[in-house]
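# Examining the three-dimensional arrangement
So the chains spell out like this:
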Amino acid sequence: TQIAMGSVSVAATAVKLARKIFGSLDGKRALIIGAGETGLQTARHLKTEGISELVLLNRTVEKAEAAASELNGRSGGLDDITAEIHQADLIVGAIESPECVVDQSCLTGAPRRTRCFVDISVPRSMDTEIAKMPGVFRFDIDDLTRLINDAKSDRLEEAEKSKEIVVAEVHKFLAKQHFSELAPLVQEMKLAFDETLAVTLKGTDADVFGADAEKLAKRLLGVSLNTLKLSSRTHVSLEQVQGAYELFLKEAL
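As the structure is a prediction and not an experimental result, all values here were calculated from the model.

Here we come to the sheet that holds strand S4 (residues 90–93). Read from one edge to the other, the open sheet built from six strands follows the order S3-S2-S1-S4-S5-S6, with strand pairing classed as parallel. With partners counted over all chains shown, the strands left at the sheet margins are strand S3 (74–76) and strand S6 (136–140), one partner each. Taking the axes of each pair of neighbouring strands and ignoring which way they run, one obtains an average angle of 15 degrees across the sheet. Note that strand S5 (residues 115–119) and S6 share five bridges and pair parallel. Bridge pairing links Asp 119 to Asp 140 in S6.

Below, the structure is given as C-alpha cells:
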C-alpha cells in the first residue's frame, strides 16, 4: 500500500514544498532561522535532500554553532539574516519571536533569483508582504497544516487497505497452521488409499485396470484433501480474525 507516502510532520512537509518549487534541492543553499527542535529537524531533512550549503542562525549563537557542527553547516546570529538571505535559495523560519524577523527590507539589493520562504514559526516570523517581491514564493504554517491534513487523510485510506491485507494473511496463516496439524491424518489416508487400491486390483489384470484405478484413487485422495483444507480454513472464520484484529488495534491505542 501507499501508507508510508506523504509527509505528516511540519519539517518534512516544509522540505516537500521546497522540492515543488525547485524540483530538486541538489546544489541549493538553505538558510534556517532558529536552532530549536523544529529547525534542526528541517535541517536534517534538507541534508538528506542534497542541499549544498546549510546555514543556521539563532538568537543564541552558541546554539546555532552546535547545530551547524552536527550538520556540517555554517552558523551565525540574527544580525546576519539579510546577508544570508541574499545568498540563499530556501529560507525557513523556525524561531520564537514576538515580531517578524524577515521583511521586504531583507531582500533589498538581493540578487534576482527564485527564493522559497517557508515560515513554520508560531507566531509568524516572516512578513506576508515579502510574497509580493519578484521571484519570491512564501508559505506559512497554515499551508503546511493543509498539506499535512491531506496526507493524514490519504494514510487513513491506505490503512483500511492495509487492515484488509493483514486480516487476510493472518487468516491464511491460521488455516495453514491448522492444516499442518492434520499431516499425520493425511499420511494415513494416503496409505489407506494405496492399500485399498492394491486389494481392489488383486486378482485382476493390472495391465488393463491398473492405470485407470490409480488415477481414480489419486483423484479421490485429492478430493478428500481439498475437503480437509476447506474445513481447516473455516476452523477460524474471517469474522473471528477481523474481531481479534479490531480488539488488538483498540488495545494498542
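Let us look at unusual backbone geometry. Between Val 122 and the following residue, Pro 123, the backbone shows a cis peptide bond with an omega angle of 0 degrees. Along the chain, Pro 123 falls in the loop between S5 and S6. With a phi close to 60 degrees, Asn 72 is a non-glycine residue in the positive phi region. Turning to its location among the elements, Asn 72 is positioned in the loop between helix H3 (61–71) and S3.

The rules behind each value
- Residues numbered from 1 in each chain as written.
- Predicted model: local features only at pLDDT ≥ 70, side-chain atom pairs only at ≥ 80, totals over all residues.
- Heavy atoms only, no water.
- Pairing = 2+ DSSP bridges.
- Helix = DSSP H or I, 4+ residues; strand = E, 2+ residues; numbered from the N terminus.
- Axes fitted to C-alpha atoms, helices over the stretch in contact; angles between N-to-C directions.

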